[in-house]
Each structure stands twice: as structure tokens, then as C-alpha cells.
Amino acid sequence: ELVHAASLAVDDLPAFDASLRRRGRPSLYVVHGEATAILVAHALIAAAFGELLTMPGPAGVRVDAAAALAGIMDGRGMPWGQITATGMAAAAAKTGHLFALAARLGALCAGGSPEAVRRADIAGAAWGLAYQAWDDAQDGDQAPAEAALEIERALVQAERACDDLGPRSSGLREWGIGFRRLVTL
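Residues numbered from 1 in each chain as written. Predicted model: local features only at pLDDT ≥ 70, side-chain atom pairs only at ≥ 80, totals over all residues. Heavy atoms only, no water.

A. Just the pattern of salt bridges, in detail. Across all of its chains, the model carries seven salt bridges by this definition. A salt bridge links aspartate 12 to arginine 22; the shortest N-O distance between them is 2.6 Å. Placement of aspartate 12 in the loop between α1 (2–11) and β1 (21–22) and of arginine 22 in strand β1 is noted, with a sequence separation of 10 residues between them. Salt-bridge contacts for glutamate 152 lead to arginine 180; the nearest nitrogen and oxygen are separated by 2.9 Å. Of the two residues, glutamate 152 is situated in helix α8 (residues 144–162) and arginine 180 in helix α9 (residues 170–183); the sequence distance between them amounts to 28 residues. Several salt bridges converge on common partners, so that one network encompasses Glu115, Arg118 and Arg119. (Salt bridge = Lys/Arg side-chain N within 4 Å of Asp/Glu carboxyl O. Helix = DSSP H or I, 4+ residues; strand = E, 2+ residues; numbered from the N terminus.)

Below is the structure:
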């Protein structure tokens with residue numbers, strides 16, 4: 001959530017979306033200025049790394065979690081999606097990476113095998129695409145019929161990734177079922 005909040009602060013800046021409002025309120029940069037919004041985003045990302053590196057559990061899991069976060073913050077992840085990507089490629093690089101990170105962290109913290117972590121990552125990325133298509137349809141940025149196809153394609157991919165993960169993944173599968181109900185147009 002810290003990384004998500006940081007991404008929204010940056011998204012709203014005049015250099016990107018130039019959004020004056022976020023969730024019905026003035027955007028951070030509108031109230032406090034662009035420099036403050038940038039510094040807040042940096043602080044939130046640093047706090048996310050701090051949380052991951054000090055969470056309970058084995059040191060290897062903490063390092064893997066921090067590496068996963070670094071992986072979405074490098075030039076191939078969220079920044080690339082913000083600067084160069086469009087359409088579903090941007091959604092994959094931004095929202096897809098955030099959802100994938102959440103699923104990956106869950107699998108890592110649960111002691112999942114490398115294959116379980118990989119599948120959780122795939123499912124999370126697909127759920128991120130489904131969510132972004134749903135959100136774009138809600139905002140009028142994508143036609144509902146087109147969004148419905150994107151959502152279904154992504155949800156099927158996520159469900160396939162969750163197949164055969166074993167009994168410890170029942171929570172992930174249940175979350176996917178609830179998520180399907182949320183994003184159905």
C-alpha cells in the first residue's frame with residue numbers, strides 16, 4: 001500500500017497525468033506543491049523497503065521481499081509503465097506489478113516453493129490487469145465490452161496459475177473468487 005500511495009502521488013503530477021483531484025479531494029501536489037509530492041513518494045517507497053526488511057520471519061524471506069519490491073521499481077517495472085507504456089502494457093507495468101508484488105509477498109511469507117511464488121506472481125499480475133480494465137471501464141476510459149474481454153482473459157490466466165498449488169493456497173483461490181465477483185461488469 002505504501003508503494004501504491006507513492007505511485008498515485010507521482011501519477012497525479014503535471015509531468016504525468018496532471019490530475020487535480022484524487023478520490024474526490026485535491027491531489028497532493030495541488031495542496032502541498034510538486035516538490036513535496038515527489039519527496040513524499042520517495043519517503044513512502046523508502047518506508048515500504050523498511051517494512052519489508054524489518055518484518056518478522058527468516059532473513060532470506062525479508063531479502064527476497066525487498067528484492068521483489070526493487071524489481072517493480074526498476075526501469076522495467078512501474079517507472080517504465082509510467083513513462084513509455086500505453087494501454088494494457090501500462091496496466092501490466094503499473095497495476096499488474098503492484099498486484100503481482102502483493103501475491104508474491106504472500107507466497108514468500110507463507111514459505112511457498114519457488115514454483116508457488118512464481119505462480120502467485122503470475123496470478124497477481126493477471127488480477128492487476130483485470131482490476132485495471134475494470135477501473136478503466138468505470139472511469140469511461142475503456143468500452144465496457146472491451147474491458148469485459150480483458151477482465152475475463154486475465155481472470156482465466158490467474159485461475160490457471162492458482163491450479164495445483166496445494167492446500168496452503170486455498171486463501172489465494174478464495175480471494176480470486178471474490179475478486180471475480182468484484183470486477184464483473
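B. Broad picture of unusual backbone geometry. In this structure, alanine 18 is a non-glycine residue whose phi angle is positive, near 50°. Mapped onto the secondary structure, alanine 18 falls in the loop between α1 and β1. In this structure alanine 18 comes out as partly exposed when scored by relative accessible area, which is 39%. Despite not being glycine, arginine 23 has its phi angle at roughly 55°, a positive value. Here arginine 23 lies in the loop between β1 and β2 (25–26). (Buried < 20%, exposed > 50% of the residue type's maximum accessible area, 1.4 Å probe, protein only.)

C. Structural context of the packing of aromatic side chains. In this structure the tally under the stated criterion is five aromatic pairs. Ring geometry for phenylalanine 99 and tyrosine 131: centres 5.7 Å apart, planes at 25°, overall stacked. With a gap of 32 residues between them, phenylalanine 99 in helix α6 (residues 87–109) and tyrosine 131 in helix α7 (residues 114–139) connect regions that are remote in the sequence. Under the relative-accessibility criterion, phenylalanine 99 is labelled partly exposed at 23%. Ring geometry for tyrosine 131 versus tryptophan 134: centroids 5.6 Å apart, planes at 40°, classification tilted. Within this pair, tyrosine 131 and its partner tryptophan 134 are both found in helix α7, separated by three residues, close to a single helical turn. (Phe/Tyr/Trp six-rings, centres within 6.5 Å; stacked < 30°, edge-to-face > 60°.)

D. View of the layout of surface pockets. Taken as a whole, the second largest pocket spans an internal volume of roughly 340 Å³. Lining the second largest pocket are 15 residues, with Asp12, Arg22, Pro26, Ser27 and Leu28 sitting closest to its centre. Mapped by element, the contributors of at least two residues to the lining of the second largest pocket are α1, β2 and α2 (28–32). Its residues assigned to classes, the lining of the second largest pocket comprises seven nonpolar, three polar and five charged. (1 Å grid on protein atoms, 1.4 Å probe; cavity = no way out; pocket = protein on both sides within 12 Å on 5 of 7 lines; lining within 4 Å. Points joined across faces, edges and corners; volume = space filled by probe spheres on them. Nonpolar A, V, L, I, M, F, W, Y, C, P; charged D, E, K, R; others polar.)

E. Spotlight on the packing of helix α3 (residues 34–54) against helix α4 (residues 59–73). At a minimum axis distance of 7 Å, the contact between α3 and α4 shows a crossing angle of 155°. It follows from the interaxial angle that α3 and α4 lie roughly antiparallel. Crossing hand, α3 versus α4: right-handed. In this structure, α3 uses Ile45, Ala48, Phe49, Leu52, Leu53 and Thr54 to contact α4, whose residues at the interface are Arg62, Ala65, Ala66, Leu69, Ala70 and Met73. For the contact of α3 with α4, the residue count by class is 10 nonpolar, one polar and one charged. (Axes fitted to C-alpha atoms, helices over the stretch in contact; angles between N-to-C directions. Parallel < 35°, antiparallel > 145°, perpendicular 65-115°, else oblique. Left-handed = near helix turned anticlockwise from the far one by under 90°. Contact = heavy atoms within 4.5 Å.)

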